[in-house]
Amino acid sequence: MSEKIYTKNLPENFYSEDVAAMKEYEKQQFFLKKLKKIISDLEDKKGRKLTCNVTTFGCQMNARDSEKLLGILLEAGFEETASEQADFVIYNTCTVRDNANQRVYGRLGMLNSYKKKNKEMKIALCGCMMQEQSVLEKIQKSYGFVDLIFGTHNIYKFAELLLRTFETKGMVIDIWKDTDQIVEDLPVSRKYPFKSGINIMFGCNNFCSYCIVPYVRGRERSREPKEILQEIEKLAKDGVKEVMLLGQNVNSYGKNLDTPMSFAQLLREVEKVDGIERIRFMTSHPKDLSDELIQVMKESKKICRHLHLPLQSGSTRILEKMNRRYTKESYLALAEKIRKEIPDIALTTDIIVGFPGETLEDVEETIDVVKTVQFDNAFTFIYSKRTGTPAAAMENQVPEEIVKEGFDKLLKVVQETARMRVKRYEGQIMSALVEEVNEQDSHLVTARLSNNTIVHFEGDASLIGQIVDVSLEKCEGFYYIGKRIR
Ligand code: 5AD
Ligand code: SF4
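Residues numbered from 1 in each chain as written. Chains lettered and ligands numbered in written order. Predicted model: local features only at pLDDT ≥ 70, side-chain atom pairs only at ≥ 80, totals over all residues. Heavy atoms only, no water.

Once that is clear, we can look at the packing of helix H10 (residues 291–299) against helix H12 (residues 328–341). Two elements in contact, H10 and H12, have axes separated by 10 Å at closest approach and are oriented at 25 degrees. When the axes of H10 and H12 are compared, the pair comes out roughly parallel. Here H10 runs over H12; the crossing is right-handed. Where H10 approaches H12, its residues Asp291, Ile294, Gln295 and Lys298 are matched on the opposing element by Leu334, Lys337, Ile338 and Glu341. Among the residues making up the contact of H10 with H12, the classes are represented as three nonpolar, one polar and four charged. (Axes fitted to C-alpha atoms, helices over the stretch in contact; angles between N-to-C directions. Helix = DSSP H or I, 4+ residues; strand = E, 2+ residues; numbered from the N terminus. Parallel < 35°, antiparallel > 145°, perpendicular 65-115°, else oblique. Left-handed = near helix turned anticlockwise from the far one by under 90°. Contact = heavy atoms within 4.5 Å. Nonpolar A, V, L, I, M, F, W, Y, C, P; charged D, E, K, R; others polar.)

Here it is as structure tokens:
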């Protein structure tokens, strides 16, 4: 089942009947082969490689999708460049808050000026923002220089869509309402050789009243555990040590599989994969976090000591309007249970300020939760009205000054708390996975502790991808300066 919302310049089966009859994976391989020929001919004509740039907005899911886009582009014969003055540029967009949309519009103007200098340049847009009707209309009306637009459900068709942009003149558009297709094994180009995200599920069924994700990412679909484990085994053989299991609400993983399986059971299986040393996951919904999961985390040697547990608000009255399906008290009880079972865990969260009808008293309730739980970090957002969500139609949208007052007050407490929490390991020795050479000081490397805190210490590029023991000498606010021990 794949219902389309809008297509343009993309006739159904624009190749032959034979291609139409192929399985989706073979179909995309066929298009990729055609694409390779076109890119190689262009390369001969220009006397140089064609360059591509993939720019990601938004969350880890988008970052993972971008690795798939880049995988196809490299396979087709493009060379990656950090500059947006490239032969092919794609923006993988986010629409969770309006400022993400505004950034895309702003940067599109710049891309247009690059295209004026390089007439054969191609510009593509994909991701969550493209699933919105109003965005699609605006781009067609005011950004006619864009060559390709597609959404979140048909990213596996990227090879086909890309090919089409070389074979037609007008803007190619392909936006679907939803899909139940999950196409496995297409090329991926990972950003880091030693760690990788893995989609375990797509979409969301929660419909929190402020959130646009269920509308743009569709209904919840879990991947088969067999496929997930095979992918992780392959990654491990390829040198990956840390995996991040990705889903909008991983705690409801597996409920709709033919043979249902809980997220905790999946984690037990991932734990068995040789070579994988660290397991992370994102994101958990408090209403679905099971005792079984806490137990698996507690017993695990590989699951990292970090749990991201979005609170959104500490006021039960607002939580109800947000359709979060837990209360201040039940969240506090859950956090306490987790901390009791796994004392060294870092708890992080997301908080929204300025939801319709929220008063400064409600913000005080949120501050109370922050002080009680003592989050290791909290991402605080100003409420952004998303057209089509129930909250957008609510009365009592909060005036900007009140939002700002509450936000500033909350931020202060969040920062004080996080500083204190991060500091508690000063002087201890912990293992850390080295991720990169420090951007500011090339004598230092940047590594991540199991609890997600960053530590910088003396070292060089040869350490990248290694797990080493580091003494956490000095806490500098939200990170450590350390010294390698082993
Ligand atoms: N306005 C502000 N923040 C939002 N989030 C989701 N929707 C909105 C919105 N309309 C935040 C939530 C979520 C995080 C990914 O983004 O806190 O957990
Ligand atoms: Fe949005 Fe709520 Fe789904 Fe998270 S759980 S993606 S906040 S609807």
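Closest axis-to-axis distance for the helix H2 (residues 24–46)/helix H6 (residues 158–167) pair is 8 Å, and the angle between their directions is 40 degrees. On the basis of their axis angle, the class for H2 and H6 is oblique. Here the hand of the crossing between H2 and H6 comes out left-handed. In this structure, H2 contributes Glu24, Gln28, Phe31, Leu32, Lys34, Leu35, Ile38, Ile39 and Leu42 to the contact, and H6 contributes Phe158, Ala159, Glu160, Leu162, Leu163, Phe166 and Glu167. Counted by class, the contact of H2 with H6 contains 11 nonpolar, one polar and four charged residues.

Further remarks concern the site of ligand 2. The environment of ligand 2 is made up of Cys204, Asn206, Phe207, Cys208, Tyr210, Cys211, Val213, Pro214, Gln248, His285 and Arg324. Its residues assigned to classes, the shell around ligand 2 shows seven nonpolar, three polar and one charged. (Near = heavy atom within 4 Å.)

Close to ligand 1 lie Val96, Arg97, Tyr210, Gln312, Asp350, Ile352, Phe381, Ile382, Tyr383, Ser384 and Arg386, which account for all nearby residues. Between a nitrogen atom of ligand 1 and a main-chain N or O atom of Tyr210, the distance comes to 3.0 Å. Considered on its own, ligand 1 offers 400 Å² of accessible surface; in the complex 85% of this is hidden by protein. Counting only elements with at least two residues in the shell around ligand 1, the list comes to strand S14 (346–353) and strand S15 (377–382). Tallied by class, residues from the shell around ligand 1 come to six nonpolar, two polar and three charged. (Polar contact = N/O pair within 3.5 Å; in protein donor to acceptor, adjacent residues only side chain to side chain. Areas by Shrake-Rupley, 256 points an atom, 1.4 Å probe, with all protein chains shown as cover.)

A word on the packing of aromatic side chains. The full count for this structure, using the stated rule, is 15 aromatic pairs. Judged by centre distance (6.1 Å) and plane angle (75 degrees), the ring pair of Tyr156 and Trp176 falls under edge-to-face. Of this pair, Tyr156 sits in the loop between strand S6 (148–150) and H6 while Trp176 sits in strand S7 (residues 172–176), and the two are 20 residues apart along the sequence. Under the relative-accessibility criterion, Tyr156 is labelled buried at 8%. Classification of Trp176 as buried rests on a relative accessible area of 4%. Plain terms: the ring middles of Phe355 and Tyr383 are 5.8 Å apart, the flat faces sit at 70 degrees to each other, and that makes the pair edge-to-face. Of the two residues, Phe355 sits in the loop between S14 and helix H13 (360–373) while Tyr383 sits in the loop between S15 and helix H14 (400–423), which places them 28 residues apart along the sequence. (Phe/Tyr/Trp six-rings, centres within 6.5 Å; stacked < 30°, edge-to-face > 60°. Buried < 20%, exposed > 50% of the residue type's maximum accessible area, 1.4 Å probe, protein only.)

Here helix H4 (residues 98–117) is 20 residues long and its end C-alpha atoms lie 30 Å apart, about the 28 Å a rise of 1.5 Å per residue gives. Every buried residue of H4 is listed here: Ala100, Asn101, Val104, Tyr105, Leu108, Leu111, Tyr114 and Lys115. Taken around the axis of H4, the buried residues stretch over an arc of 165 degrees, which confines them to a single face. Exposed and facing more than 90 degrees away from the buried side of H4 are Asn99, Gly106, Lys116 and Lys117. Summarising the contacts, the buried residues of H4 are in contact with strand S4 (88–93), strand S5 (122–127) and helix H5 (133–142). (Expected span 1.5 Å × (residues − 1). Arc of directions from axis to C-beta.)

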